Amino acid sequence: MEIVNVKISVNRMIFNSMSYINIREEWKLFWGWLILVILLLLSGCAPTNQSAQTDPHYPLLDTSFKLHKYKHNIQWVLFVKNKKRTEYCSIHFMWEDIQPLYRPTGNGEYKWVYRVNKNKRSWK
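Residues numbered from 1 in each chain as written. Predicted model: local features only at pLDDT ≥ 70, side-chain atom pairs only at ≥ 80, totals over all residues. Heavy atoms only, no water.

## Looking at the overall build of the protein chain
For clarity, the cut-off: Under the scheme used here, helices are H or I runs from DSSP no shorter than 4 residues and strands are E runs no shorter than 2 residues, and both carry numbers assigned from the N terminus. The rule is simple: take the accessible area with a 1.4 Å probe, protein chains only, and divide by the maximum for that residue type; under 20% is buried, over 50% is exposed, in between is partly exposed. Any two residues whose heavy atoms approach within 4.5 Å at even a single point are treated as in contact. Each accessible area value is a Shrake-Rupley result obtained with a 1.4 Å probe; residue values ignore everything except the protein chains displayed when judging cover.
Of the regular secondary structure elements, the protein chain holds 2 helices and 5 strands. Going residue by residue from the N terminus, the α and β elements of the protein chain occur as α-α-β-β-β-β-β. Counting across all 124 residues of the protein chain, residues that qualify as buried make up 14%. Pairs at least 24 apart in sequence give 25% of the contacts found in the protein chain among residues at least 6 apart. Carbon together with sulfur atoms contributes 61% to the accessible area of the protein chain, which is approximately 11400 Å² in total.

## With respect to the side chain of Glu-96
The cut-off we apply is this: The positive count covers Lys and Arg only, the negative count covers Asp and Glu only, and His and the chain ends enter neither. A pairing counts as a salt bridge when a side-chain nitrogen of Lys or Arg comes within 4 Å of a carboxyl oxygen of Asp or Glu. Distance and chemistry together define a polar contact, namely a pair of N or O atoms within 3.5 Å, with one atom able to donate a hydrogen and the other to accept it when in protein, and with adjacent residues in sequence counting only for side-chain atoms on both sides.
Looking at the element boundaries, Glu-96 is found in strand β4 (residues 94–104). Look at Glu-96: it is buried, it has no salt bridge, and the nearest opposite charge is Lys-66 at 8.2 Å. Here Tyr-70 takes part through its side chain, which lies 2.6 Å from a polar atom of the side chain of Glu-96. Side-chain polar atoms of Glu-96 contact the side chain of His-92, separated by 3.1 Å. Among residues more than four places away in sequence, those in contact with Glu-96 are His-68, Tyr-70, Arg-85, Thr-86, Glu-87, Cys-89, Val-116, Asn-117, Lys-118 and Asn-119.

## Describing a nonpolar patch on the surface
Threshold: Each patch groups residues whose relative accessible area exceeds 30% and which form no salt bridge, using 9 Å between like charges and 5 Å between nonpolar side chains of Val, Leu, Ile, Met, Phe, Trp and Tyr.
Together, Trp-27, Phe-30, Trp-31, Leu-34, Ile-35, Ile-38, Leu-39 and Leu-42 make up an exposed nonpolar region whose accessible area comes to about 850 Å². Residue Trp-31 is classed as partly exposed on the basis of its relative accessible area of 46%.

## Comments concerning the sheet that holds strand β5 (residues 110–118)
Counted only if it meets this: For two strands to pair, DSSP has to find at least two bridges joining them. The convention used is that axes are lines fitted to C-alpha atoms, helices contributing only their stretch in contact, and that angles between N-to-C directions extend from 0 to 180 degrees.
With antiparallel pairing, the 3 strands of this open sheet are ordered in space as β3-β4-β5. Each edge of the open sheet is held by one strand with a lone partner, namely β3 (85–89) and β5. Strand-to-strand twist in this sheet, taken as the mean axis angle between neighbours without regard to direction, amounts to 40°. Looking at chain direction, β4 and β5 are connected through 9 bridges and run antiparallel. Looking at β5, one finds that Tyr-102 is bridged to Trp-112.

## Re the pattern of salt bridges
Applying the stated criterion across every chain yields a total of 1 salt bridge. Residue Glu-87 pairs with Arg-85 through a salt bridge whose shortest N-O separation is 2.8 Å. Residue classification places Glu-87 among the buried positions, given a relative accessible area of 7%.

## What to know about a positive patch on the surface
To be explicit about the condition: In plain terms, the charge of a residue is placed at NZ if it is Lys, CZ if Arg, CG if Asp and CD if Glu.
Together, Lys-84, Arg-103, Arg-115, Lys-120 and Arg-121 make up a region of like positive charge exposed at the surface. Along the chain, Lys-120 turns up in the segment after β5. Lys-120 sits in the exposed class, given a relative accessible area of 78%.

Here it is in structure tokens:
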């Protein structure tokens, strides 16, 4: 009979030491998680473009009728004679040299056309 009483008392001690979290601790845990979820929902995400404006890119057709897009309007830029202008093309993703040429059209008029070559210092 004595062995049975010892087993029962040992079982009661183990059960009492493994008690669950009391109600007050559960409410603290619940409110903590609730506040964390609310803060995450209210924080939102930051936009990648802070000004929410896109930069304009100006198109240009070269002498071989390939389309290029540059940040500056090349057709309104004054070129120094025999000087190339280097710009970054947003279509080809490389630096390109732009050289203006004053060429005759078929009906006796002249107009500016642009020769575009890859810049020799470009890494691609």
